[in-house]
Amino acid sequence: MDLYIDTANLDEIKQAADMGVLDGVTTNPSLIAKEGVDYSTRLAEICKVVEGCATGAPGPVSAEVIATDYEGMIKEGRRHATIAGNIVVKLPCTLDGLKACKTFSDENVPTNLTLCFQPLQALMVAKAGAFLVSPFIGRLDDIAQDGMELIAGIRQIYDNFGLPTKILAASIRHPLHFVQCALAGADVATVPFKVIRQVMQHPLTESGLEKFVADYNKAFGT
Ligand code: G3P
């Protein structure tokens, strides 16, 4: 499973890239707003950081459009796509987003169809040629629906028909979501920096390490 980081914070992206585990980046308007930076400038900076990340090739960077109408999405998406060769145009799972997805697919511009909350949205965007689909797990859990069932349902539909769109599990809030996505067969998980750090923390690793060092120092007095 590929690992993307879900942030527009450059320092977090650099730290994850330095860990050697990063395959790409996803951003969204809320994440950019949090950083308070110019959108295009930040996208260019992110693309540069992930030029040679874990996959060895420039990692995909999802750049979301703000427009909600077809014409606006096309205009904005084309502008994003000029920033770097690893930009993936991120579009919403709406009727206009679907149409824009088809236009970009015909132009060989990769797309990520976001805000996916039910399996038929995923089927439709795959038919329109989406490179990635982003089902939001945490936000379904928030309304007492099992987000992981959505991942499993899309996996089954895509496998039934050999659809090549990659499932990018999004709105991951904690390590349990992350591991469940891997078990359910998501192709990619986009994970906040906090969760990337959390998965390498285990109390038995920490106490075991302390004991190794203490035993060694006791025996050799270093
Ligand atoms: O990738 C989508 C993600 O940013 C949404 O996460 O936690 O706001 O639902 P969240």
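Here, every reference points to the structure presented above.
Residues numbered from 1 in each chain as written. Predicted model: local features only at pLDDT ≥ 70, side-chain atom pairs only at ≥ 80, totals over all residues. Heavy atoms only, no water.

The final tally for this structure, using the stated rule, is 10 salt bridges. Taking the shortest distance from any N to any O, the salt bridge between Glu 45 and Arg 42 comes out at 2.7 Å. One end of the pair, Glu 45, and the other, Arg 42, are both in helix H3 (residues 39-49), three residues apart, so they sit about a helical turn from each other. The closest approach of N and O atoms between Arg 155 and Asp 187, which form a salt bridge, is 3.1 Å. With Arg 155 in helix H8 (residues 147-161) and Asp 187 in the loop between helix H9 (175-184) and strand E8 (188-191), the pair connects residues that are 32 residues apart, well separated along the chain. Through salt bridges that share partners, Glu 35, Arg 42 and Glu 45 make up one connected network. (Salt bridge = Lys/Arg side-chain N within 4 Å of Asp/Glu carboxyl O. Helix = DSSP H or I, 4+ residues; strand = E, 2+ residues; numbered from the N terminus.)

A few words now on the nonpolar core. Ranked by internal contacts, the top residues of the largest apolar core, which has 61 residues, are Leu 91 and Tyr 158. Looking at this core element by element, the count peaks at six residues for H8. The contact partners of Leu 91, leaving out residues within four places of it in the chain, are Val 65, Met 73, Gly 97, Ala 100, Cys 101, Phe 104, Thr 111, Asn 112, Leu 113 and Thr 114. (Core = buried A, V, L, I, M, F, W, Y, C linked by side-chain atoms within 4.5 Å. Buried < 20%, exposed > 50% of the residue type's maximum accessible area, 1.4 Å probe, protein only. Contact = heavy atoms within 4.5 Å.)

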